[in-house]
Amino acid sequence: MTALDPQTPVTDAAWRDAARPIDERVAALMAEMTLDEKLAQLYGVWVGAADDGGGDVAPHQHDLNDDVDLDALLPSGLGQVTRPFGTAPVDAAVGALSLARMQQRIAGANRHGIPAVAHDECLAGFAAWGATAYPVPLSWGASFDPVLVERMARRIGADMRAVGVHQGLAPVLDVVRDARWGRVEETIGEDPYLVGTVGTAYVRGLEASGVVATLKHFVGYSASKAGRNLAPVSIGPRELGDVLLPPFEMAIREGGARSVMNSYSDLDGVPSAADRWLLTELLRETWGFDGTVVADYFAVAFLKLLHGVADTWADAAAAALEAGIDVELPTVKAFGEPLRAAVAAGAVPMDLVDTALRRVLRQKAELGLLDADWSPVPPALAGLGLADADLADADAAHADRLRGRIDLDSPGNRALARELAERAVVLVRNDGTLPLAAGGADAPPVIAVIGPNADDPYAMLGCYSFPTHVVTQHPGVQMGIRIPTLLDALRAEFPGSEIRHAVGTSVDGGETDGFDDARELAASADVVVLALGDRAGLFGRGTSGEGCDAESLALPGAQQALVDAVLDTGTPAVLTLLSGRPYALGRAASESAGIVQAFFAGEEGAGAIAGVLSGRVNPSGRLPVSISATPGAQPTTYLAPPLARASDVSNIDPTPAFAFGHGLGYATFDWSKFAGDETSIPTDGAVSVHLRVRNASDRAGAEVVQLYLHDPVASVVRPVQRLVGFARVELPPGAAADVRFTVPADLASFTSRSGERIVEPGEVVLSLGRSSGDLVHAHPVRLEGPVRPVDHRRAMHPVVAIDRVSG
């Protein structure tokens, strides 16, 4: 095959024919490729990350992101382009034009005309300047609304695809095991069923938009010792099989995820990036996953630098390939010259390269990147009249004409961000003070708004939002999106009240010199809104986020002392938490007028919180993580066996102040007519439990009916309760619905002593509750028959039916 003229590309090769089977196309292309061309498809490049002038946005970024000579690399081709939008602030249209020109350059430089996959972050929205900042994943979990999360993911994916991005590095399916871990905000919660269900919905939405979803971090990252980032993980097979793996199983099987990213951590001494059992035997050979496994940033290099299991870069590359890593990200290190030399010398089998290459090319074919009519111009630019031929002449003046013409924060996006934020706010405590009247004679004359998060737009954003992740590293650059502060929102929400403000203290500085002003302001007000919580950041630059782990669950800095000072005034005080993790709240858990928890609620979060305070929004969020009663009772989650709960043999009581699944609202729901249809079923059978839910109040609201399973006697230790299903029931005033769960025996399965997943005969108890700590009805049922092995093809959900009836 001769060198490719980019103006007259070869279009008649067999692998260019989109009508042929993908495997046939891939085989035809591989037969034409040299070793250098094959290896080039197995790494990405991160152009500009080493010299963009900003701080690190990935571990060791500026240590390991060597200067890349694109002119030397591109004749062999390129597998991926790393974070074309997520590295530095750039206008969406200008960024799309830059990426299109780069893709044209990449395809034109290699003799086969193969473009790169462009990937970016999308954990709480597309991580691009000017793109919508949605609530963080912990808020998705709080919504208990997979349908809404799927809608959000579709919008995120559509925006990414429109500007030329093919792969999104989300969702995070790590299950919280220790709330001190800095990346709790990135997770969906502490329960594997909730994480799996909501995470799978996100995957479906992203994949439906044409963007490859990337499951991370596979697996065990969140179970690190002492909740420290990148710390070792020492867990048993049952915690792995019953808590950490199920969300990934679900997202692959039901969501159709096409990519997986390894965890930085090691499992009992074996780094995930070099774990063949994990990445090949389990993921591919057992579960049947046929997508790509991409390395978390620098994870291949970390095999040499941090884990100490590789002596040379070639050793690191060989270990990663052998384990099942297909693509080295974010840039080329081990998979470049070190791997080329090792393969050429016969130290690394060519079969390993071909196996990874086959997966990479298959995915490129699925994305249309190998088609004869592929164009580097993405849909958003094509919609502005740009054609392939325009790219070569697109100068700075052309870019200026495009600037501002692509909107990544549309009114539809903002409306959806607002809807999700409103559903995710959790009313944790209410002594009757809430809601506050927003107008008229009942409105509080004076509202004191006190705390470090009252007047900071960044208080709404998590670590992986673009403004926090990138803009903060570029002083003088605007956020790119409009984010009202809580103080702004309260002034708009309560026009009949005088809003007075005092900071009191910083998030984590420990200052107390503002306490006197705060006390004076609180004492003169009718009600206090205490705006507390976290500042998201990276690697110690915040109190929540990647590398921002906590020593305890005490509120950062002097915030707890500020709470106590305000409570001492006697003025009703409503704690409003804008945070990335749950915190122990001391006296406030029992003495405050109310507690409102918002987990980094995004650009529309302030209005959602203000709406909850006024009653304009009827809160329906539920806690995706328990709120601890004391700062030091970690690690613990509600998934606790008897010995992990309060007992007479330890002076530490880990009982939470507020349980997983807890949440209040302004509507009242009556539960009645509970029944279970069967008292015994075979180990391959199913049982139904049902009840009637009636809205007994004068306003519309949503009840979240939660289904828990208790296994009183099992052959291995089991958690006392675990969530196996839920139903979000929305009802107008006076309306009722019958809610039925048909529960397959598969949901009682667990990892046995032999390591096999089984359904065991014996009694189990199915309970319907308002939270894991408020179980209203229980139905025991006996499983009869032999022990039954099950696998990843088991049923993972109950069948849920919600039928409206006359109240």
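Note that the structure is a prediction, hence the values are computed from the model and not measured. (Residues numbered from 1 in each chain as written. Predicted model: local features only at pLDDT ≥ 70, side-chain atom pairs only at ≥ 80, totals over all residues. Heavy atoms only, no water.)

Details of the overall build of the protein
- Counting its regular elements, the protein contains 25 helices and 27 strands.
- Here the C-alpha radius of gyration of the protein, 27 Å, is about what a compact globule of 807 residues would show, namely 28 Å.
- Considered along the principal axes of its C-alpha atoms, the protein spans approximately 80 × 70 × 50 Å.
- Out of the 807 residues in the protein, the part that is buried amounts to 62%.
- Considering only residue pairs separated by 6 or more positions, the protein has 78% of its internal contacts joining residues 24 or more positions apart.
- When the accessible surface of the protein is split by element, carbon and sulfur atoms take 49% of a total near 27,100 Å². (Helix = DSSP H or I, 4+ residues; strand = E, 2+ residues; numbered from the N terminus. Rg over C-alpha atoms; globule rule 2.2 N^0.38 Å. Buried < 20%, exposed > 50% of the residue type's maximum accessible area, 1.4 Å probe, protein only. Contact = heavy atoms within 4.5 Å. Areas by Shrake-Rupley, 256 points an atom, 1.4 Å probe, with all protein chains shown as cover.)

Re the nonpolar core
- Phe126, Tyr202, Phe218 and Phe335 are the most contacted members of the largest nonpolar core, which totals 157 residues.
- Per-element tally for this core: the top contributor is helix 5 (residues 92-109), with 9 residues.
- Filtering out sequence-adjacent residues up to four positions away, Phe126 remains in contact with Phe85, Asp120, Glu121, Ala131, Thr132, Ile156, Asp159, Met160, Val163, Val165 and Leu408.
- Ile481, Ala598, Ile609 and Ala610 belong to the second largest nonpolar core, which has 37 residues in total. (Core = buried A, V, L, I, M, F, W, Y, C linked by side-chain atoms within 4.5 Å.)

Describing the sheet that holds strand 1 (residues 44-45)
- Spatial ordering of the open sheet is given by 1-2-3-4-5-6-9, a layout of 7 strands whose pairing is parallel. Every interior strand has two partners, whereas the edge strands, strand 1 and strand 9 (292-294), have only one.
- Across 3 bridges, strand 2 (residues 80-82) lies against strand 3 (residues 117-120) in parallel orientation. Directly across from Val81, in strand 3, lies its bridge partner Ala118. (Pairing = 2+ DSSP bridges.)

What about the pairing of strand 13 (residues 527-533)?
- Counting buried residues along strand 13, 7 of its 7 residues qualify, which places the element largely inside the surrounding structure.
- Burial along strand 13 is two-sided: Val527, Val529, Ala531 and Gly533 and Val528, Leu530 and Leu532, pointing in opposite directions, are all buried.
- As paired strands, strand 11 (residues 446-450) and strand 13 are joined by 4 bridges and run parallel to one another. Bridging across to strand 13, Val449 finds its partner in Val529.
- Where strand 13 meets strand 14 (residues 573-579), 6 bridges bridge the pair, whose relative direction is parallel.

Comments concerning a negative patch on the surface
- On the surface, a cluster of negative charge is contributed by Glu511, Asp513, Asp517 and Glu520.
- Turning to its location among the elements, Asp517 is positioned in helix 22 (residues 515-524).
- For Asp517, a relative accessible area of 52% translates into the label exposed. (Patch = residues over 30% accessible without salt bridge, like charges linked within 9 Å, V, L, I, M, F, W, Y side chains within 5 Å. Salt bridge = Lys/Arg side-chain N within 4 Å of Asp/Glu carboxyl O. Lys, Arg positive; Asp, Glu negative; His and termini not counted. Charge placed at Lys NZ, Arg CZ, Asp CG, Glu CD.)

Some thoughts on the packing of helix 1 (residues 22-30) against helix 15 (residues 350-366)
- At a minimum axis separation of 9 Å, helix 1 and helix 15 run at an interaxial angle of 125°. One element, helix 1, and the other, helix 15, form an angle in the oblique class. Helix-helix and strand crossings are classified by hand; for helix 1 and helix 15 the assignment is right-handed. Touching Ile22, Asp23, Arg25, Val26, Leu29 and Met30 of helix 1 are Asp354, Leu357, Arg358, Leu361, Arg362, Ala365 and Glu366, all from helix 15.
- For the contact of helix 1 with helix 15, a count of residues per class yields 7 nonpolar, no polar and 6 charged. (Axes fitted to C-alpha atoms, helices over the stretch in contact; angles between N-to-C directions. Parallel < 35°, antiparallel > 145°, perpendicular 65-115°, else oblique. Left-handed = near helix turned anticlockwise from the far one by under 90°. Nonpolar A, V, L, I, M, F, W, Y, C, P; charged D, E, K, R; others polar.)

Structural notes on the pattern of salt bridges
- Inspection of the entire model under this criterion finds 51 salt bridges.
- Put simply, Arg740 and Asp677 hold a salt bridge, and the shortest N to O gap is 2.6 Å. With a gap of 63 residues between them, Arg740 in strand 21 (residues 736-744) and Asp677 in the loop between strand 16 (669-676) and strand 17 (680-682) connect regions that are remote in the sequence.
- The exposure class of Asp677 is partly exposed, given its relative accessible area of 40%.

Describing the environment of Gly236
- Within the secondary structure layout, Gly236 lies in the loop between strand 5 (212-218) and helix 9 (237-244).
- Here Gly236 falls in the partly exposed class, since its relative accessible area comes to 32%.
- The spacing of Gly236 and Lys216 is 20 residues in sequence and 20 Å in space, taken between C-alpha atoms.

Structural notes on the packing of aromatic side chains
- In total, this model carries 14 aromatic pairs according to the counting rule given.
- Ring geometry for Phe218 against Phe248: centres 5.0 Å apart, planes inclined by 65°, an arrangement best described as edge-to-face. Placement of the pair is Phe218 in strand 5 and Phe248 in helix 10 (residues 246-253), with a sequence separation of 30 residues. For the pair Phe218 and Phe248, a shared accessibility class is recorded, and that class is buried.
- Joined through ring pairs, the aromatic side chains of Phe144, Tyr193, Tyr638, Phe660, Tyr708 and Phe726 make up one cluster. (Phe/Tyr/Trp six-rings, centres within 6.5 Å; stacked < 30°, edge-to-face > 60°.)

Digging into the sheet that holds strand 11
- Across the sheet, which stays open at both edges, the 6 strands sit in the order 10-15-14-13-11-12 with mixed pairing between neighbours. Every other strand in the sheet has two partners, leaving strand 10 (426-430) and strand 12 (498-502) as the edge strands with one partner each. The average angle at which neighbouring strand axes cross in this sheet is 20°, direction not considered.
- Direction of pairing for strand 11 relative to strand 12: parallel, over a ladder of 5 bridges. Paired with Val446 across the strands is Glu498, a residue of strand 12.
- On top of the sheet, helix 21 (residues 486-493) reaches strand 11, strand 12, strand 13 and strand 14; it is set at about 165° to strand 12, its chief contact.

What about the packing of helix 7 (residues 146-162) against helix 8 (residues 192-208)?
- One way to put it is that helix 7 packs onto helix 8 with a least axis distance of 7 Å and a crossing angle of 30°. For the element pair helix 7 and helix 8, the recorded crossing hand is right-handed. Along the contact surface, helix 7 presents Pro146, Val149, Glu150, Met152, Ala153, Arg154, Ile156 and Gly157, while helix 8 presents Thr197, Val198, Ala201, Tyr202, Arg204, Gly205, Leu206 and Ala208.
- Class assignment of the residues belonging to the contact of helix 7 with helix 8 gives a composition of 10 nonpolar, 3 polar and 3 charged.

Some details on helix 25 (residues 605-614)
- Buried residues dominate helix 25, accounting for 9 of its 10 residues.
- Those residues of helix 25 that fall on the buried side of the exposure criterion are Gly605, Ala606, Ala608, Ile609, Ala610, Gly611, Val612, Leu613 and Ser614.
- Against the buried residues of helix 25 lie helix 19 (411-424), helix 21, strand 13, strand 14 and strand 15 (594-599).
- Downstream of helix 25 by one or two residues, Gly615 has phi in the positive range, about 90°.

As for the side chain of Arg414
- With respect to the secondary-structure elements, Arg414 resides in helix 19.
- Assessed through its relative accessible area of 9%, Arg414 is described here as buried.
- The contact partners of Arg414, leaving out residues within four places of it in the chain, are Asp409, Arg482, Pro484, Glu603 and Glu604.

Some words on the pairing of strand 19 (residues 701-710)
- For strand 19, a buried count of 9 out of 10 residues is recorded, marking the element as mostly surrounded by other parts of the structure.
- Two elements, strand 19 and strand 20 (residues 722-731), share 9 bridges in a ladder whose sense is antiparallel. Within the sheet, the bridge partner assigned to Tyr708 lies in strand 20 and is Leu723.
- Pairing analysis gives 5 bridges linking strand 19 to strand 24 (residues 762-771), with the strands arranged antiparallel. From the neighbouring strand, Leu707 faces strand 24, where its bridge partner is Leu768.

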